[in-house]
Amino acid sequence: MGAERNQAGRRERKKAATRALILQAAQELFLERGFDAVSVREIADRADVSPTTVFAHFPQKEALLFAEEDAQRERLVAAVRERPDGLSISEALKAHYRAEFVAMWSGEDGEVRRRIMSLMEATPTLQDYASRMWLRHEDALAAAITEEFGLPQPSDEIRVYARFALQIQLLVTSDTDPMLDAGFRILDQGWSRYHPAPEDGNRLS
């Protein structure tokens, strides 16, 4: 039994090491030449693996820049489940989004992340993939909220809330972006509470 565990541990470490090599090779090539100009074959060659091995770890090329998808989902759910007493779900999500932005730009890898973000902003396929990837967390967020309310399954209202709470993050560009507060204010209070000063005697409602 012990030998089997050791062998399984070695396999997992080797798998993690291969994954890290592939990610490093992809990041280097993408930053050197741009996303669209790099093929999976070139990434595999730099990482000294086969293209089949690359696809075994990452289902498509875009996924090479979004390796933290599972961790992002776990942090999102934890923001709801582990929030302090008295803090609303919306306030917890706002705090989580702000913390994610701060963490993104801090640390030794901050400059590399800025370059990757610039690459994403300049590549429509990556923007589309990022949006679809983020919105895949809808079920996990809805499930966490459903659990909070002790319901057997998500209501329509919970699903709508989860979808739009995630959409707000896609509109925000920094931890100080006023769109973050505006988005959750509309989500929590509703459009009917918003009455901008009319310019022509009409009011929006």
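Since the structure is predicted, the reported quantities are computational estimates derived from the model, not experimental observations. (Residues numbered from 1 in each chain as written. Predicted model: local features only at pLDDT ≥ 70, side-chain atom pairs only at ≥ 80, totals over all residues. Heavy atoms only, no water.)

Once that is clear, we can look at the nonpolar core. With 24 residues, the main nonpolar core has Ile 22, Phe 30, Ile 43, Leu 64, Leu 65, Phe 66 and Leu 126 as its most contacted residues. For this core, the secondary structure elements donating two or more residues are helix H1 (2–33), helix H2 (40–47), helix H6 (110–121) and helix H7 (124–135). Here this core gets 5 residues from one element, more than from any other, and that element is H1. If we skip the residues at most four places from it in the chain, Phe 30 touches Phe 35, Val 38, Ile 43, Lys 61, Leu 64, Leu 65 and Leu 119. Val 80, Leu 141, Leu 166 and Leu 180 belong to the second largest nonpolar core, which has 22 residues in total. (Core = buried A, V, L, I, M, F, W, Y, C linked by side-chain atoms within 4.5 Å. Buried < 20%, exposed > 50% of the residue type's maximum accessible area, 1.4 Å probe, protein only. Helix = DSSP H or I, 4+ residues; strand = E, 2+ residues; numbered from the N terminus. Contact = heavy atoms within 4.5 Å.)

The next thing to look at is helix H9 (residues 156–171). An ideal rise of 1.5 Å per residue puts 22 Å on 16 residues; H9 measures up with 23 Å between its terminal C-alpha atoms. Buried residues along H9 sit against helix H4 (69–81), helix H5 (89–105), H7, helix H8 (138–149) and helix H10 (178–189). (Expected span 1.5 Å × (residues − 1).)

Here we come to unusual backbone geometry. Even without being glycine, Asp 48 reaches a positive phi, approximately 60 degrees. Mapped onto the secondary structure, Asp 48 falls in the loop between H2 and helix H3 (51–57). On the basis of relative accessible area, Asp 48 is assigned to the exposed category, the value being 69%.

Another aspect to go through is the layout of surface pockets. Reported here for the largest pocket is a volume of approximately 1,400 Å³. Residue lining of the largest pocket: 36 residues in total, with Phe 66, Gln 72, Met 104, Met 117 and Met 120 positioned closest to the centre. Looking at the lining of the largest pocket, the elements with two or more residues in it are H1, H4, H5, H6, H7 and H9. It is H5 that provides the largest number of residues to the lining of the largest pocket, a total of 7 residues. (1 Å grid on protein atoms, 1.4 Å probe; cavity = no way out; pocket = protein on both sides within 12 Å on 5 of 7 lines; lining within 4 Å. Points joined across faces, edges and corners; volume = space filled by probe spheres on them.)

So, on to the confidence of the model for the protein. Chain-level pLDDT for the protein is 89 on average; 91% of the residues reach the 70-or-more range. For the protein, per-element mean pLDDT is lowest for H6, which scores 85, and highest for H2, which scores 97. Low pLDDT, under 50, characterises residues 201–205; the predicted model gives this stretch 8 contacts beyond four residues in sequence or across chains. (pLDDT = per-residue confidence, 0-100.)

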